[in-house]
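# Observations on chain architecture
Below, each chain spelled out in residue letters.
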Amino acid sequence: MTPALRKLEMTVLGLGFLGLAWSKDKLRGYATPNTVSKFDVEGQIAYLLDVFGSLRRFMPPDFDLRGRDVLELSPGASRGNGVLFLALGARSYHAIDVFNLAGDEDPVFYELLLDRFAEGAATDRQRARALASTSGAREFGYAVGRDFDIPRLAAGRSFDLIVSCAAFEHYDSVPDTVASLTQVARPGCAAVHIIDLQTHSRWIREHDPNNIYRYPESIYRLFRFPGQPNRLRPADYIAAFEAQRWSDARFVPSRTIDPALRDLSLAGLAAPFAGQDDMIVLDGALTARYPGRVGA
């Protein structure tokens, strides 16, 4: 198949996947935040440990988690990250989301997760188990609101660390989200947000990871649904944080396009994506620090 025909094929298939995603949302709503079945306990544990490891890897090296208050945006189906933060000495963990996917999570899962996590002092691990099994504990909070009003959902709390994984790419207005989270950030607050920049539909992302960037905005938005990838690029996220006076904002790439797919994935992209140097970047972490020092 010639490159031109291959590009046309991916464009047509991509439109089909956009339509399928739109249809699934209309029929079922948002119910599958990751590819691991909720019935696959071992798979969920492995997934969470991998995510938590990524969050820790991108945290500032001088950041001391002990005694800090942590906010997670859009945790999806589990608050397992919160249990692990508590096990490492965090004072509290609070999660907020648009969809109530983790509200009925069985505390037994947290016990199993901690059994697989060998880190943390014994007293911190014991406290994490106790908080995770206590319904309504303020130190292990969870709030849901379709308006995603971060200050309201924080309920008077402020935070030293704000994290998310594969969440920011689903926000319709990243500048508004950053402005809202800034209202609950303490001086010295660290931000670590893992962001997936590629096509989300499972089959097409393996063959054409830049597929969502092939379409003009008018066509892409015909298939709009809540949580549709916003198609922002690293510079857009950095600009949103810098506009709110976060310092040291940077995007650290994790993966780039496989060389075997590079020519196809970079050809035929719509404006303004065509020709951008960063279009080989598939995902990475946005890190930033709110002005000031923790404890100042």
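One can find the structure itself at the top, above this paragraph.
Scope of this entry: the structure provided in the associated data block. (Residues numbered from 1 in each chain as written. Predicted model: local features only at pLDDT ≥ 70, side-chain atom pairs only at ≥ 80, totals over all residues. Heavy atoms only, no water.)

## Some remarks on the overall build of the protein
Note the following rule: Comment: elements are numbered from the N terminus, with helices defined as DSSP H or I runs of at least four residues and strands as E runs of at least two. Here the globule rule reads 2.2 Å times residues to the power 0.38, and the radius of gyration is calculated from C-alpha atoms. Any two residues whose heavy atoms approach within 4.5 Å are treated as being in contact. Computed by Shrake-Rupley with a 1.4 Å probe, the accessible areas treat only the displayed protein chains as cover when residues are assessed.
The number of helices and strands found in the protein is eleven helices and seven strands. In terms of overall dimensions, the protein is globule-like: its C-alpha atoms have a radius of gyration of 20 Å, near the 19 Å expected for 296 residues. Dimensions of the protein along its principal axes, counting C-alpha atoms only, are 65 × 45 × 35 Å. Considering only contacts within the protein whose residues lie at least 6 apart along the sequence, 79% involve residues at least 24 apart. Only carbon and sulfur atoms are counted for the fraction: they give 55% of the accessible area of the protein, which is about 13,800 Å².

## Focus: the packing of helix α4 (residues 107–116) against helix α5 (residues 122–132)
Operational definition: To obtain each axis, a line is fitted to C-alpha atoms, and for helices this fit is confined to the stretch in contact; angles are then taken between N-to-C directions over 0 to 180 degrees. In what follows, roughly perpendicular refers to angles from 65 to 115 degrees, roughly parallel to angles under 35, roughly antiparallel to angles over 145, and oblique to any angle outside these ranges. What makes a crossing left-handed is the near helix being turned counterclockwise from the far one by less than a right angle; a clockwise turn instead makes it right-handed. Under this grouping Gly is polar, as are all residues other than the nonpolar Ala, Val, Leu, Ile, Met, Phe, Trp, Tyr, Cys and Pro and the charged Asp, Glu, Lys and Arg.
Across the interface, α4 lies against α5 with an axial gap of 9 Å and an inter-helix angle of 165 degrees. Taken as axis vectors, α4 and α5 run roughly antiparallel relative to one another. As α4 packs across α5, the resulting crossing turns out to be right-handed. On α5, the residues that touch Pro 107, Tyr 110, Glu 111, Leu 114 and Asp 115 of α4 are Arg 125, Ala 128, Arg 129 and Ala 132. In the contact of α4 with α5, the residues fall into five nonpolar, no polar and four charged.

## Structural notes on the sheet that holds strand β7 (residues 281–289)
This is how the line gets drawn: Any two strands with at least two DSSP bridges between them are considered paired.
On the basis of which strands lie adjacent, the open sheet formed by seven strands has the order β3-β2-β1-β4-β5-β7-β6 and mixed pairing. The open sheet has two free edges, formed respectively by β3 (140–144) and β6 (247–256), since each of these has just one partner strand. Strand-to-strand, the axes of this sheet are offset by a mean angle of 15 degrees, without reference to chain direction. Bridge analysis of strand β1 (residues 69–73) against strand β2 (residues 92–97) gives five bridges, and the strand direction is parallel. Pairing of Val 70 across the sheet is with Tyr 93, part of β2. Packing of helix α2 (residues 41–58) onto the sheet brings it into contact with β4 (159–165), β5 (185–196), β6 and β7, and relative to β5 it is tilted by some 130 degrees.

## As for helix α3 (residues 80–87)
Worth spelling out the cut-off: Each residue is placed in one exposure class: buried if its accessible area under a 1.4 Å probe, protein chains only, is under 20% of its type's maximum, exposed if it is over 50%, and partly exposed if it falls in between.
Most of α3 is tucked away: eight of the eight residues are buried. Taken residue by residue, α3 has Gly 80, Asn 81, Gly 82, Val 83, Leu 84, Phe 85, Leu 86 and Ala 87 as its buried positions. In the segment just after α3, Gly 89 is the residue with positive phi, at about 105 degrees.

## Notes on the environment of Ile 162
Position of Ile 162 among the secondary structure elements: in strand β4. With 20 residues separating them in the primary sequence, Ile 162 and Thr 182 have C-alpha atoms 9.7 Å apart.

## Re the packing of α3 against α4
At a closest axis distance of 10 Å, the pairing of α3 and α4 adopts a crossing angle of 50 degrees. One way to sum up the angle between α3 and α4 is to call them oblique. For α3 against α4, the interelement crossing comes out right-handed. Contact with α3, carried on its side by Gly 80, Val 83, Leu 84 and Ala 87, involves Tyr 110, Leu 113 and Leu 114 of α4 and no other residues of that element. For the contact of α3 with α4, a count of residues per class yields six nonpolar, one polar and no charged.

## Focus: the packing of aromatic side chains
What counts here: Only Phe, Tyr and Trp rings take part, Trp by its six-membered ring, and two of them pair if their centres are within 6.5 Å. Stacked means planes under 30 degrees apart, edge-to-face means over 60, and tilted covers everything else. A ring is scored as having a charge over it whenever the NZ atom of a lysine or the CZ atom of an arginine sits within 6 Å of its centre and within 35 degrees of its normal.
Under the criterion given, the structure shown has 13 aromatic pairs. Ring geometry for Phe 52 and Phe 85: centres 4.8 Å apart, planes at 75 degrees, overall edge-to-face. Remark: Phe 85 occurs in helix α3 and Phe 52 occurs in helix α2; sequence separation between them is 33 residues. Here Phe 52 matches Phe 85 in class, with each residue buried. A network of ring pairs unites the aromatic residues Phe 148, Phe 168, Tyr 171, Tyr 237, Phe 241, Trp 246 and Tyr 290 as a single cluster. Its guanidinium or amino end placed over the ring of Tyr 220, Arg 231 lies 4.3 Å from that ring's centre, counting from NZ or CZ.

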